[in-house]
Amino acid sequence: MMVRSIFSHVRTFVLLPGLFLAVPCDAQTPAASIPASQGFYRLPYADGTTLEVFDDVESHRPVGRTDLFAVDGQRPYRVVAAAAGRIMAIQDGYSEQQSGRAARECRNNFVWIAHPNGEWTNYSHLAHGTVTGRAGLKVGDEVQAGTWLGDEGTVGCSMLDHVHFEVAVPRRDDPIDAGGFLNDNADGARLRRPRFCGVEGEAVRKGERHRAGSCR
Ligand SMILES: [Zn+2]
């Protein structure tokens, strides 16, 4: 049986500067209030990988994020850029799988990419060392849609191998914190509902399976 809850990126908490205090903020935000992305994004796995939607933007807690896991294809499963852009942040130095932690305690591996339309995409829980190592990437690199970012993993606050995917319009200054979490994102205000190419209705839904490929 699949574990029904993954504690990936529990962004239910906002850290108040100077206080060791976590305030619940966006757990109750309706996903319907999240605007659709401006950009179109490919499913963030290598061409030909079959993936399943573990949580969509409605079912994910907190809402507005998407969890995907590969079920068939070439192993190890490669996570790829959903669109062209520039790598803004990389963390792939962690290796521990954690569970049940507050967000500030999560040591997640992640990549953030800025796209020309102003939106950023996030890929989290990648396998240790695969971004800077085998994929050979560094902050500042330009990537294309489909560029290999690293391998699917379960590093940080995660209960199974998957990729946690987000689209957001970050704050211009200090857009993300050291843990890879969006700053100034109370109530998920900076999130965008990803529009995926090649997917009926442009939205993926929990339990669906899709085959990743390039946008046409
Ligand atoms: Zn997630």
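Every chain's residues receive numbers from 1 upward, in the order its sequence appears when written. Local features in this predicted model are restricted to residues of pLDDT 70 or higher, and side-chain atom pairs are both shown and tallied only at a pLDDT of 80 or more, whereas totals for entire chains, interfaces and linings draw on every residue.

Novice: Requested: an account of the overall build of the chain, with residues and values cited.
Specialist: Helix numbers and strand numbers start at the N terminus; a helix is a DSSP run of H or I with at least 4 residues, a strand a run of E with at least 2. Broken down by element type, the chain carries one helix and 16 strands. Note on contacts: residues are paired as contacts if their backbone-placed C-beta atoms lie within 7 Å. A fraction of 73% describes how many contacts in the chain between residues 6 or more apart in sequence connect residues 24 or more apart.

Novice: Talk me through the pairing of strand S9 (residues 110-114); I want residue IDs and the actual numbers.
Specialist: Here a residue counts as buried when 20 or more other C-beta atoms sit within 10 Å of its C-beta, as exposed when there are 12 or fewer, and as partly exposed otherwise, the C-beta atoms being derived from the backbone. Burial of S9 is extensive: four of the five residues sit out of reach of the surface. Paired strands, in this sense, are two strands between which DSSP finds at least two bridges. Inspection of the sheet shows strand S7 (residues 85-91) paired to S9 by five bridges, in the antiparallel sense. Bridge pairing links Gln-91 to Phe-110 in S9. Taken together, the five bridges between S9 and strand S10 (residues 120-124) define a ladder with antiparallel strand orientation. Bridged to Ala-114 within S10 is Trp-120.

Novice: Just give me the short version of the environment of Ala-127, but keep the residues and values in it.
Specialist: Take Ala-127: it is sitting in the loop between S10 and helix H1 (130-134). Given 21 C-beta atoms within 10 Å, Ala-127 falls into the buried group. Residues Ala-127 and Asn-108, spaced 19 residues apart in sequence, show a C-alpha to C-alpha distance of 9.8 Å.

Novice: Could you give an account of the nonpolar core, naming the residues involved and the relevant values?
Specialist: To count as a nonpolar core, a set of buried Ala, Val, Leu, Ile, Met, Phe, Trp, Tyr and Cys residues must be joined through C-beta atoms within 7 Å. The biggest cluster of nonpolar side chains holds 47 residues, and the ones touching the most others in it are Tyr-45, Val-111, Tyr-123, Leu-126 and Leu-149. For this core, the elements supplying multiple residues, two or more each, are strand S4 (50-55), strand S5 (66-72), strand S6 (78-80), S7, S9, S10, strand S14 (163-168) and strand S15 (191-196). In contact with Val-111, not counting residues within four places along its chain, are Ile-87, Ile-90, Tyr-123, Leu-126, Val-131, Leu-149 and Gly-150.

Novice: Any details on unusual backbone geometry? Residues and values, ideally.
Specialist: Both trends apply: most residues other than glycine have a negative phi, and most peptide bonds are in trans. Between Arg-61 and the following residue, Pro-62, the backbone shows a cis peptide bond with an omega angle of -5°. Mapped onto the secondary structure, Pro-62 falls in the loop between S4 and S5. Positive phi, normally seen in glycine, also occurs at His-125, with a value near 80°. Under the C-beta neighbour-count criterion, His-125 is labelled buried, with 29 such atoms within 10 Å. Look at Asp-184: it is not a glycine, yet its phi comes out positive at around 55°. By the secondary structure assignment, Asp-184 is in the loop between S14 and S15. Residue classification places Asp-184 among the partly exposed residues on the basis of 14 C-beta atoms within 10 Å.

Novice: Explain the environment of Asp-161 to me, using residue names and the numbers behind them.
Specialist: You can see Asp-161 is positioned in the loop between strand S13 (156-157) and S14. Note: C-alpha distance between Asp-161 and Ala-127 (34 residues apart in sequence) is 8.9 Å. Among all residues touching Asp-161, those that are not within four sequence positions of it are Phe-69, Glu-152, Gly-153 and Thr-154.

Novice: Can you lay out the confidence of the model for the chain for me, pointing to particular residues and giving the numbers?
Specialist: The quantity known as pLDDT measures the predictor's confidence residue by residue, on a range of 0 to 100. Of the residues in the chain, 87% have a pLDDT of 70 or more, and the chain-wide mean is 89. In the model, residues 1-27 has pLDDT below 50 throughout and makes 62 contacts with residues more than four positions away in sequence or in other chains.

Novice: Could you give an account of the environment of Gly-156, naming the residues involved and the relevant values?
Specialist: Here Gly-156 shows up in strand S13. Accessibility expressed as a C-beta count within 10 Å gives 28 for Gly-156, which makes it buried. The contacts of Gly-156, once residues within four sequence positions are left out, are Tyr-94, Gln-98, Cys-106, Arg-107, Asn-108, Asn-109, Ser-124 and His-125.

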